[in-house]
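Examination of the molecular architecture
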Protein chains: 8
Amino acid sequence: MIFENYDRIVFAGDSVTDMGSVQPVGEGLFENMGRGFPRIIENLVYAAYPELTLRFTNSGISGNTSKDLLERFERDVINLNPQWVSICIGINDVWRQFDTPAMKDYAVSTEDYEANLRKMIEAAKAVAKGVIITTPYYMEPNKADFMRARMQDYVDICERLASEYGCIFVNFQEMYDKFFAYKHSSLIAWDRVHPNLIGATLMAKEWLSKVGFDYNHTPEC
Amino acid sequence: MIFENYDRIVFAGDSVTDMGSVQPVGEGLFENMGRGFPRIIENLVYAAYPELTLRFTNSGISGNTSKDLLERFERDVINLNPQWVSICIGINDVWRQFDTPAMKDYAVSTEDYEANLRKMIEAAKAVAKGVIITTPYYMEPNKADFMRARMQDYVDICERLASEYGCIFVNFQEMYDKFFAYKHSSLIAWDRVHPNLIGATLMAKEWLSKVGFDYNHTPEC
Amino acid sequence: MIFENYDRIVFAGDSVTDMGSVQPVGEGLFENMGRGFPRIIENLVYAAYPELTLRFTNSGISGNTSKDLLERFERDVINLNPQWVSICIGINDVWRQFDTPAMKDYAVSTEDYEANLRKMIEAAKAVAKGVIITTPYYMEPNKADFMRARMQDYVDICERLASEYGCIFVNFQEMYDKFFAYKHSSLIAWDRVHPNLIGATLMAKEWLSKVGFDYNHTPEC
Amino acid sequence: MIFENYDRIVFAGDSVTDMGSVQPVGEGLFENMGRGFPRIIENLVYAAYPELTLRFTNSGISGNTSKDLLERFERDVINLNPQWVSICIGINDVWRQFDTPAMKDYAVSTEDYEANLRKMIEAAKAVAKGVIITTPYYMEPNKADFMRARMQDYVDICERLASEYGCIFVNFQEMYDKFFAYKHSSLIAWDRVHPNLIGATLMAKEWLSKVGFDYNHTPEC
Amino acid sequence: MIFENYDRIVFAGDSVTDMGSVQPVGEGLFENMGRGFPRIIENLVYAAYPELTLRFTNSGISGNTSKDLLERFERDVINLNPQWVSICIGINDVWRQFDTPAMKDYAVSTEDYEANLRKMIEAAKAVAKGVIITTPYYMEPNKADFMRARMQDYVDICERLASEYGCIFVNFQEMYDKFFAYKHSSLIAWDRVHPNLIGATLMAKEWLSKVGFDYNHTPEC
Amino acid sequence: MIFENYDRIVFAGDSVTDMGSVQPVGEGLFENMGRGFPRIIENLVYAAYPELTLRFTNSGISGNTSKDLLERFERDVINLNPQWVSICIGINDVWRQFDTPAMKDYAVSTEDYEANLRKMIEAAKAVAKGVIITTPYYMEPNKADFMRARMQDYVDICERLASEYGCIFVNFQEMYDKFFAYKHSSLIAWDRVHPNLIGATLMAKEWLSKVGFDYNHTPEC
Amino acid sequence: MIFENYDRIVFAGDSVTDMGSVQPVGEGLFENMGRGFPRIIENLVYAAYPELTLRFTNSGISGNTSKDLLERFERDVINLNPQWVSICIGINDVWRQFDTPAMKDYAVSTEDYEANLRKMIEAAKAVAKGVIITTPYYMEPNKADFMRARMQDYVDICERLASEYGCIFVNFQEMYDKFFAYKHSSLIAWDRVHPNLIGATLMAKEWLSKVGFDYNHTPEC
Amino acid sequence: MIFENYDRIVFAGDSVTDMGSVQPVGEGLFENMGRGFPRIIENLVYAAYPELTLRFTNSGISGNTSKDLLERFERDVINLNPQWVSICIGINDVWRQFDTPAMKDYAVSTEDYEANLRKMIEAAKAVAKGVIITTPYYMEPNKADFMRARMQDYVDICERLASEYGCIFVNFQEMYDKFFAYKHSSLIAWDRVHPNLIGATLMAKEWLSKVGFDYNHTPEC
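The following refers to the structure shown. Not measured: the values here are computed from a predicted model. (Residues numbered from 1 in each chain as written. Chains lettered and ligands numbered in written order. Predicted model: local features only at pLDDT ≥ 70, side-chain atom pairs only at ≥ 80, totals over all residues. Heavy atoms only, no water.)

**A closer look at the packing of aromatic side chains**
Test applied: Each pair of aromatic rings taken from Phe, Tyr and Trp, with Trp reduced to its six-membered ring, is defined by centres within 6.5 Å and is described as stacked if the planes are under 30 degrees apart, edge-to-face if over 60, and tilted in the remaining cases. Secondary structure counts use DSSP, requiring at least four H or I residues in a row for a helix and at least two E residues in a row for a strand, with both numbered from the N terminus. Three exposure classes are used, based on accessible area relative to the maximum for each residue type with a 1.4 Å probe and protein chains only: buried under 20%, partly exposed in between, and exposed over 50%. Definition used: whenever NZ (Lys) or CZ (Arg) falls within 6 Å of the ring centre and also within 35 degrees of the ring normal, the charge is taken to sit over that ring.
Within the structure shown, the criterion is met by 132 aromatic pairs over all chains. With centroids separated by 6.0 Å and ring planes inclined at 20 degrees, the aromatic side chains of Phe3 of chain C and Trp207 of chain C adopt a geometry described as stacked. Of this pair, Phe3 of chain C sits in the segment before strand E1 (8-13) while Trp207 of chain C sits in helix H9 (residues 197-208), and the two are 204 residues apart along the sequence. Since its relative accessible area comes to 5%, Phe3 of chain C is described here as buried. Ring geometry for Phe179 of chain D versus Phe180 of chain D: centroids 5.8 Å apart, planes at 75 degrees, classification edge-to-face. Accessibility expressed as a relative area gives 4% for Phe179 of chain D, which makes it buried. By way of ring pairs, the aromatic residues Phe3, Phe11, Phe37, Tyr46, Phe56, Trp84, Tyr137, Phe172, Tyr176, Phe179, Phe180 and Trp207 of chain A are connected into one cluster. Positioned above the aromatic ring of Tyr6 of chain G is the side chain of Lys104 of chain B, whose terminal nitrogen or guanidinium carbon lies 4.0 Å from the ring centre.

Following this line, the structure appears as structure tokens:
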């Protein structure tokens with residue numbers, strides 16, 4: 001696994017990251033880390049690597065667009081001195097275009113999204129050992145759905161910027177697309193956005209597969 | 001409009017009918033009628049026909065399948081001596097096949113659905129002046145979606161039985177299909193099932209268009 | 001209909017406008033718009049004109065007199081850059097004269113009411129395409145009732161100023177007077193002020209009848 | 001005052017009597033007696049006649065019509081072995097005719113009202129020293145109001161039966177009619193039915209004026 | 001009665017005055033006036049003098065000593081421009097000497113009490129037509145009880161200052177002493193301080209007897 | 001100390017015993033034992049005698065008179081197979097005579113109290129090693145107070161029956177009388193009945209002084 | 001993996017199994033399955049084997065001993081027609097011996113534990129394809145701790161019976177013993193019994209390692 | 001006993017001191033003092049020494065480390081002008097090293113602990129008659145447990161500083177070690193830190209044994 005003892009990993013994002021975590025930044029005891037994929041990642045890492053002590057921090061806030069996240073990125077991510085920054089943002093940038101189409105200022109265009117994400121990556125790279133870019137997604141296998149089609153533009157921006165800046169890239173949209181060949185999206189989420197624990201586990205698995213995690217790791221005595 | 005003074009119209013169904021109504025049967029003051037399409041219908045009828053006094057009753061219960069509704073049909077519909085019975089059932093018959101696929105007994109097959117609906121229509125026709133069959137639906141324009149495809153089978157059964165028994169037929173699925181050519185489903189519902197008030201208004205409009213309702217009706221002095 | 005795509009319509013008022021909306025200004029998802037006549041208007045417009053995207057905003061605050069509304073008019077109405085402003089104020093200006101007669105400063109006299117309303121109309125006209133003046137009302141058919149009689153003075157001021165400034169005029173008091181020829185006021189409200197959803201629908205219908213709304217509008221493909 | 005030491009006075013009625021009292025029968029400590037006119041009567045009697053020990057019991061239940069009260073009269077009034085029975089019923093018999101006109105079985109006609117009240121008076125006379133009939137009322141000075149006009153029929157029945165059976169008669173309707181020559185009904189109640197504490201005090205005063213109560217009574221040492 | 005139309009009467013005090021009133025100053029609708037003796041006074045005055053419109057204001061705050069009341073007297077009493085000021089303070093000055101004897105700074109000595117009360121009377125006289133001094137009390141007929149004995153010193157100060165400044169004087173302690181010759185204190189209060197509604201009515205009666213109130217007043221037509 | 005390993009001690013009584021304990025019988029974890037003197041006894045015994053394992057059970061129920069306790073004595077005391085039974089009852093037998101004097105059936109006379117207590121003692125003696133009779137009390141040093149005087153009759157009955165049946169006798173009334181020579185009753189209870197934790201500790205100390213408890217006990221190794 | 005499509009796996013146990021699941025039996029949507037190790041197992045299985053549809057059911061009830069579980073085993077396990085039964089019971093059998101030592105009937109002896117477990121295994125084997133015995137545990141690495149030592153007796157009984165009946169055996173105690181060589185027990189649980197999500201993940205991993213689960217399983221297309 | 005009339009004793013600490021007390025400083029009525037050992041001490045002192053009036057103040061705040069306590073020591077302890085200061089701090093300094101090992105800044109090292117404690121002792125000695133140092137503890141008899149071993153270092157610092165500065169020394173750790181030779185730690189606390197009332201009583205007894213308290217003290221008349 002790419003993480004070293006006492007590394008701090010900060011997850012920045014929206015409600016998919018947040019999932020009930022302490023605001024604005026949660027970690028440690030109780031439900032401080034929330035119940036989303038970052039918590040599942042923490043659980044699996046601690047269970048499989050008892051000899052390691054890693055610090056996982058949840059900087060997700062429900063409802064955030066890339067614009068909102070950028071505004072608090074200094075305070076809630078950079079100032080925490082992370083060794084690793086994982087970003088999952090963009091769902092609300094797109095969703096607001098469809099559920100409140102009259103409120104144009106609630107959403108974020110592709111141009112602004114790319115600019116926002118670029119600034120966050122550059123800020124994170126300046127302080128951390130590495131940056132992990134995870135895509136936004138819509139749990140919709142029909143690529144012609146208005147919102148699913150729009151989402152692909154944001155996914156593509158993530159992929160392009162991850163490549164440009166040498167970030168680890170985790171494609172949640174593609175992962176979900178594959179899963180829904182077997183099961184209907186309502187098994188994971190009724191609103192096609194907020195995953196239940198099976199969905200959070202799917203995301204954790206995908207994320208862990210990109211950082212060298214080994215489920216069968218045994219610590220040396 | 002086909003309704004006469006003091007007619008009682010009973011809406012039987014699931015959460016789409018229920019929407020917070022009093023259990024098992026709600027009507028009259030406060031939020032007893034819930035906030036779904038039956039309430040919108042009542043509001044529009046009272047506002048446009050002040051000289052009429054019609055009794056609207058909500059017999060919807062959240063989570064009901066056609067099996068559940070049939071079991072309580074005598075108590076919650078027939079015994080109320082309605083002049084008109086409107087039925088909207090089947091969404092949960094289908095949904096449970098996809099969100100809890102392992103619990104096979106939670107869902108209802110097409111065969112059982114048809115048998116259940118048939119029994120309800122026959123019971124209603126025996127006491128009422130007329131029966132209104134409204135279809136279940138899934139707010140999914142992609143007809144290849146697993147759940148949308150399955151829903152069509154249930155919609156078709158509704159249409160066939162309505163024709164066979166001479167019922168008024170209201171096709172909510174088709175109405176939604178048309179609407180989603182203009183707006184994304186997330187404007188109406190995040191879970192593609194439970195409509196917000198815009199959706200309930202769409203359903204009320206569709207229903208009223210089949211019973212001779214006139215928005216510009218003026219009572220004679 | 002007089003509204004064009006992406007127009008913003010702001011409803012300013014008291015509890016009759018507010019009805020549980022987000023404070024001080026509500027719009028968009030959830031119950032942000034409240035449950036009063038502005039929400040019914042939004043529902044009917046979206047249901048009948050799916051090709052349009054209009055922005056409806058609720059700036060009603062429970063308990064406001066014209067004095068209270070004027071004080072926040074800049075912040076809660078003008079600064080929102082509306083294309084249309086609809087004002088419904090004055091009920092509390094009158095009501096406080098009767099339910100708390102000893103607290104003279106809680107109420108607003110006709111002179112002050114006219115001055116307040118005039119200032120709001122002028123401010124609104126300076127930024128919007130049009131202003132809609134709706135009257136306050138008391139659901140009391142007996143014009144000799146102390147409070148109903150006083151209310152008429154405020155209704156008359158509305159009518160006069162609407163004419164003077166070329167505003168669209170909606171007479172809720174007259175509409176209710178007509179309705180109560182058929183039904184008793186307790187069908188709509190026990191306190192003769194806060195309408196239930198039937199009353200809110202009556203008000204929405206009256207309002208829509210003045211802005212060229214067509215219930216049977218069909219969008220062109 | 002007509003009451004003797006240790007007499008028990010039972011107030012039977014609807015929400016106007018109940019006003020938050022313990023269900024179905026409340027008396028003694030805490031808020032058991034509710035906050036309506038029976039509590040005000042108890043307070044004034046105990047304050048003015050410290051040498052007396054009278055037992056006041058509240059058998060009011062919110063929403064009751066004369067039909068509902070008759071059904072529980074044996075259990076909640078007669079079985080308590082009262083020396084005095086005070087009855088205030090009929091408001092809901094009338095109100096339901098106007099706020100839920102379609103639900104005809106929710107209301108009670110004048111014929112049924114008279115029959116119900118007659119049965120209660122006869123049952124009460126069989127066990128008590130005296131019966132006090134108080135009228136239902138609607139706080140509406142306009143006698144042409146649909147509901148106020150209907151209420152008068154019920155008030156008249158009370159007066160007639162009180163005379164026929166030799167009961168003490170308390171005319172709340174007339175008392176309110178007089179009061180509203182000075183103040184508007186909204187000083188006492190927004191819904192013209194449920195009095196605030198000023199209204200409850202008015203009712204207590206009227207009631208006490210018929211039972212020989214003296215505000216300036218001084219106990220002998 | 002000594003009050004004239006539109007006079008404002010402000011009640012300053014502790015929990016006995018407050019009794020759930022709005023903080024720091026309550027009046028008008030709902031339970032704003034609390035449930036203590038000022039509310040009973042308001043009820044009786046409005047019920048007996050319908051032609052008058054008096055403004056009653058509750059400036060009681062639970063737990064206040066004379067020191068606390070003096071600190072907020074300008075804001076909560078004088079600035080309200082009252083025509084009449086009624087003061088009931090001192091119970092907590094004494095009580096804290098006995099229930100928390102170690103916290104000496106929680107209580108107020110007789111010297112300080114007199115100085116505090118004097119300042120309040122002088123401030124009130126400067127703006128009002130009249131000042132009403134009501135005594136603190138302890139519902140304890142045994143004058144040898146530690147706390148009852150101490151209370152008498154504070155009662156005596158009230159009487160002396162009322163006489164010195166020509167205030168109306170209401171002796172609640174003496175009134176309770178007389179009442180408890182007939183009934184035990186637990187009929188009115190378990191803690192011998194906070195009266196139930198019978199106690200509040202006793203206090204209202206005593207207060208009204210000093211201001212020319214007539215229970216049988218009839219307004220001229 | 002008179003208790004042996006694994007003895008069960010059951011405390012029967014009213015709210016003074018109960019103090020928030022589980023209903024009808026509480027013991028063991030959490031707040032099951034309530035916060036009254038039985039809990040303080042348990043705490044002190046476990047802290048001073050770590051080598052002993054005694055079972056303390058709280059059978060107190062708030063509001064009970066001796067009549068109420070007798071009715072449930074078989075179920076809540078005898079059926080638990082106690083080695084020791086401690087009874088503290090009678091406060092409500094007396095209190096109801098004074099706070100609700102009109103409700104004569106709420107209280108219990110001295111004759112009935114003696115008969116009830118006698119039956120409980122006889123039932124307890126038939127199954128237990130010993131019975132502890134503790135007196136009811138009123139925290140009132142003035143023996144001429146109506147309620148304190150009446151309480152003495154009940155205290156005397158306790159003393160007489162304890163002597164007659166050879167029970168351990170604990171005189172809470174006398175203990176409180178002595179304590180109030182030093183401090184005012186409001187240090188312990190505002191209502192002179194329900195002790196705070198200082199009062200509960202006083203009672204536990206008095207009780208323990210009669211059963212051979214040694215605060216400085218040291219277990220042998 | 002040993003499970004076949006549509007197999008039902010029932011988890012019987014106490015609070016460690018329950019963890020907030022629906023009572024008495026939970027499965028499917030929402031938090032019905034609770035948040036303990038059975039939920040983690042379900043999540044991991046669904047995430048790794050999307051082509052499979054297994055039914056997981058939580059029959060854990062907080063506070064249960066083996067005696068309590070045996071009493072409801074027919075209703076909550078056998079009658080559900082499971083293909084697999086997983087049992088985790090015994091912690092409370094031991095715990096009650098130490099936290100409430102006086103209440104001997106709250107705990108369960110080793111003899112009774114063995115008899116209870118034997119009956120459950122036999123009942124489960126009669127209906128299911130296989131039985132999984134998981135041990136109770138105490139998160140205490142010090143084997144000389146009173147409670148940890150006693151727990152070992154119960155763990156040994158599990159191991160012996162699993163062997164005797166050919167059940168799959170999962171040793172949670174041993175798993176935790178190994179883990180606590182690296183981390184202190186307070187990382188997992190403050191009370192050394194109720195695991196947080198890291199602990200539940202450890203238990204799920206141990207359980208899955210005995211049923212042929214493969215984290216890197218890929219479904220064939 | 002070493003305390004004189006009107007002495008103020010302030011308890012500074014963490015959740016073990018706090019136990020629900022008012023924040024940041026609690027004393028006097030209601031549950032202001034919390035339910036921990038300071039409250040038990042107050043109860044026992046008032047019950048045994050009725051002639052004394054001592055002021056006990058709870059300055060414990062849940063979750064505090066010695067770093068947190070030092071930061072508020074001026075405000076919450078010194079500024080209260082105590083005659084005696086009792087300090088119980090350090091549990092969280094150690095605990096955070098084990099339950100959140102990755103958050104190194106949440107815990108306090110032995111070096112910092114000693115420095116913090118030293119500053120607090122010096123500040124307290126400058127204003128008070130005496131300082132009482134009580135040790136932190138972990139209810140773990142196994143001295144090889146990771147956390148119990150670390151705790152001993154902090155206990156030793158307490159003992160050393162108490163000796164160096166001439167403070168009264170109370171060794172809670174040693175007291176608990178002895179107690180757990182007889183009973184298992186789960187009798188007192190499931191988490192081995194927060195004592196139930198038996199544990200709080202044990203701590204109060206230990207504390208009182210160092211200040212000359214006599215359980216059998218009798219005040220002279």
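Still more ground to cover, so stick around.
**Comments concerning the relation of the copies chain C and chain D**
In plain terms, the rule: Least squares is the method used to superpose the copies, on C-alpha atoms of residues holding a pLDDT of at least 70 in both.
In the superposition of chain C on chain D (RMSD 0.0 Å, axial shift 0.0 Å), the rotation amounts to 180 degrees. Classification of the inter-copy transformation places it as that of a two-fold axis. By C-alpha distance to the rotation axis, the residue of chain C lying nearest is Asp191 of chain C, at 2.1 Å.

**Quick word on the interface of chain C and chain D**
Where we set the bar: Contact definition: two residues touch when any of their heavy atoms are within 4.5 Å. Note on definitions: buried area is the accessible-area loss of two parts on being combined, 1.4 Å probe, summed for both. The salt bridge criterion pairs a side-chain nitrogen of Lys or Arg with a carboxyl oxygen of Asp or Glu, the two atoms within 4 Å. The term polar contact refers here to a pair of N or O atoms within 3.5 Å; inside protein, the definition further demands a hydrogen-donor-capable atom paired with an acceptor-capable atom, and it admits residues adjacent in sequence only when both atoms are side-chain atoms. Only Asp, Glu, Lys and Arg are considered charged in this grouping, and only Ala, Val, Leu, Ile, Met, Phe, Trp, Tyr, Cys and Pro are considered nonpolar; every other residue, Gly among them, is considered polar.
In this assembly, 20 residues from chain C lie in contact with 20 residues from chain D. The three residues of chain C that bury the most area against chain D are Phe146, His184 and Trp190 of chain C, which together make up 34% of that side's buried surface. Seen at the junction of chain C and chain D, the total is four salt bridges. A salt bridge links Asp145 of chain D to Arg192 of chain C; the shortest N-O distance between them is 3.5 Å. Put simply, chain C and chain D have ten residue pairs in polar contact (both at pLDDT 80 or more) between them. Here the side of chain C that touches chain D gets four residues from one element, more than from any other, and that element is helix H5 (residues 91-99) of chain C. Split by residue class, the side of chain C that touches chain D holds ten nonpolar, three polar and seven charged.

**A look at the sheet that holds strand E2 (residues 55-60) of chain G**
Residues and elements named next belong to chain G. Here is the rule we go by: Any two strands with at least two DSSP-identified bridges between them are counted as paired. The axes are straight lines fitted to the C-alpha atoms, using for helices just the contacting stretch, and the angles between their N-to-C directions are given from 0 to 180°.
In spatial order, the strands read E2-E1-E3-E4-E5; together these five strands make up an open sheet with parallel pairing. Strand pairing shows two members of the sheet lacking a second neighbour, E2 and strand E5 (168-170), which therefore form its edges. Averaged over all neighbouring strand pairs, the angle between strand axes comes to 15 degrees, with direction disregarded. Bridge analysis of strand E3 (residues 84-88) against strand E4 (residues 130-134) gives five bridges, and the strand direction is parallel. What sits directly across from Trp84, in E4, is Gly130.

**Focus: the interface of chain A and chain G**
On the chain G side, the residues contacting the 29 residues of chain A number 29 residues. Of the roughly 2600 Å² buried at the junction of chain A and chain G (both faces included), carbon and sulfur atoms supply 65%. Counting the contacts that link chain A with chain G gives two salt bridges. A salt bridge links Glu31 of chain G to Arg35 of chain A, with the shortest nitrogen-to-oxygen separation between them at 2.8 Å. In this assembly, chain A and chain G are joined by ten residue pairs in polar contact (both at pLDDT 80 or more). Taken together, the elements giving at least two residues each to the side of chain A that touches chain G come down to helix H2 (37-48) and helix H8 (197-208) of chain A. Here the side of chain A that touches chain G takes six residues from H2 of chain A, the largest share from any one element. A breakdown of the residues in the side of chain A that touches chain G according to their chemical character gives 18 nonpolar, four polar and seven charged.

**Focus: the sheet that holds strand E3 (residues 84-88) of chain E**
Adjacent strands of a sheet pair through backbone hydrogen bonds, lying either parallel or antiparallel. Residues and elements named next belong to chain E. Read across the sheet, five strands follow the order E2-E1-E3-E4-E5 without closing on themselves; strand pairing throughout is parallel. Taken across any chain shown, the strands that pair with only one partner, and hence form the sheet edges, are strand E2 (55-60) and strand E5 (168-170). Averaged over all pairs of adjacent strands, the angle between strand axes in this sheet comes to 15 degrees, irrespective of strand direction. Sheet analysis places strand E4 (residues 130-134) next to E5, joined by three bridges and oriented parallel. Residue pairing in the sheet places Ile133 in a bridge with Phe169 of E5. Where helix H2 (residues 37-48) meets the sheet, it contacts strand E1 (8-13), E2 and E3, and its direction lies at approximately 175 degrees from that of E2.

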